[in-house]
Amino acid sequence: MPVTRVATTDWEGSLFEGAGRVTLDSSGLGTYDVSWPARSEEPGGKTSPEELIAAAHSACFSMAFSNGLAKAGTPPTSLKTSAAVEFTPGTGITGIELTVVGVVEGISEDDFVAAAEAAKEGCPVSKALAGTTITLKASLAS
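Model, not experiment: these values are computed from the prediction. Throughout this description, residue numbers start from 1 for each chain and increase along the sequence as written. Restriction of local features to residues with pLDDT of at least 70 applies here, the model being predicted, together with a cutoff of 80 or more for giving and counting side-chain atom pairs; totals for whole chains, interfaces and linings are based on all residues. Side-chain measures here rest on the full set of heavy atoms in the structure, leaving out hydrogens and waters.

1. Overview of the overall build of the chain
Then, number 1: Counting from the N terminus, the helices are the DSSP runs of H or I reaching at least four residues and the strands are the DSSP runs of E reaching at least two. Across its full length, the chain holds four helices and six strands.
Then, number 2: The principal-axis extents of the C-alpha atoms in the chain amount to approximately 55 × 35 × 25 Å.
Then, number 3: Taking all 142 residues of the chain together, the buried fraction comes to 31%.
Then, number 4: The Shrake-Rupley method, run with a 1.4 Å probe, gives the accessible areas here. Residue values count only the displayed protein chains as cover. As presented, the chain carries roughly 8,600 Å² of accessible surface, and 55% of it is formed by carbon and sulfur atoms. Using a 1.4 Å probe on the protein chains alone, a residue whose accessible area is under 20% of its type maximum counts as buried, one over 50% counts as exposed, and one in between counts as partly exposed.

2. A closer look at helix 3 (residues 109-122)
Then, number 1: With 14 residues, helix 3 should cover 20 Å at 1.5 Å per step; its first-to-last C-alpha distance of 20 Å lies within 8% of that length.
Then, number 2: Where helix 3 is concerned, the buried positions are Phe-112, Ala-116, Ala-119 and Lys-120. Looking down the long axis of helix 3, one finds its buried residues gathered within 100° of arc, a one-sided arrangement. Within helix 3, the exposed residues directed more than 90 degrees away from the buried face are Asp-110 and Glu-121.
Then, number 3: As for helix 3, its buried residues are in contact with helix 2 (49-71), strand 4 (78-88), strand 5 (92-103), helix 4 (124-128) and strand 6 (134-140). Helix span, expected: 1.5 Å multiplied by one less than the number of residues in the helix. Directions drawn from the helix axis to the C-beta atoms are what define this arc. Only heavy atoms matter for contacts: two residues are in contact if any of them lie within 4.5 Å across the pair.

3. Looking at the environment of Ile-96
Then, number 1: Topologically, Ile-96 is positioned in strand 5.
Then, number 2: Placed 35 residues apart in sequence, Ile-96 and Gly-131 show a C-alpha to C-alpha distance of 11 Å.
Then, number 3: With sequence-adjacent residues up to four places away left out, Ile-96 is seen in contact with His-57, Ala-83, Ala-84, Val-85, Leu-129, Thr-132, Thr-133, Ile-134 and Thr-135.

4. Here's the deal with the pairing of strand 5
Then, number 1: Pairing of strand 4 with strand 5, which is carried by eleven bridges, proceeds in the antiparallel orientation. Pairing of Phe-87 across the sheet is with Ile-93, part of strand 5.
Then, number 2: Linking two consecutive strands that pair antiparallel, namely strand 4 and strand 5, is a turn of three residues; a positive phi of about 90° is found at Gly-90 within it.
Then, number 3: When DSSP finds two or more bridges between a pair of strands, those strands are recorded as paired. The pairing of strand 5 with strand 6 spans seven bridges and is parallel. Bridge pairing links Glu-97 to Thr-135 in strand 6.

5. With respect to the pattern of salt bridges
Then, number 1: The rule for a salt bridge is simple: a side-chain nitrogen of Lys or Arg has to be within 4 Å of a carboxyl oxygen of Asp or Glu. Inspection of every chain in the model, using the stated rule, returns five salt bridges.
Then, number 2: Within this structure, Glu-117, Lys-120 and Glu-121 form a network of salt bridges that share partners.

6. A short note on the sheet that holds strand 1 (residues 7-12)
Then, number 1: With respect to topology, three strands assemble into an open sheet ordered 1-2-3, the strand pairing being antiparallel. At either margin of the open sheet sits one strand with a lone partner, and together these are strand 1 and strand 3 (31-35). Along the sheet, successive strands turn relative to each other by an average axial angle of 25°, direction set aside.
Then, number 2: Note: strand 2 (residues 19-24) against strand 3, five bridges, orientation antiparallel. Bridged to Val-22 within strand 3 is Tyr-32. In this description, a line fitted to the C-alpha atoms serves as the axis of each element, helices being fitted only across the stretch in contact, and the angle between N-to-C directions of two axes falls anywhere from 0 to 180 degrees.

This is the structure in structure tokens:
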């Protein structure tokens, strides 16, 4: 059965001089300030669409990866995933780099990397962002 999640943004003013607030309606977890300078320059305590995409992508990938590892008989002890979303004003999102470091017993580095690649391809957020170049760095913790 499908589920729907909702976020709402209230924006006032023009793109460059205006600002907004995005609210995570479904979870009720909070309201966050957004602005063009936070998107194209320094965050200054505000978020951006790209940071929100990075949050969604790192969480989705981690879920897909942990599920794939468990199904293969090597459930992870921990996975630390970051997603770096690159935004170029005037062009848009130009790439996403996923980086994951895992603690997984009973798996080789090669098998870990292969499972990470499979998770990257199968993650629903990766699929939604298919028009963007998504790269992956995966390694076991040392």
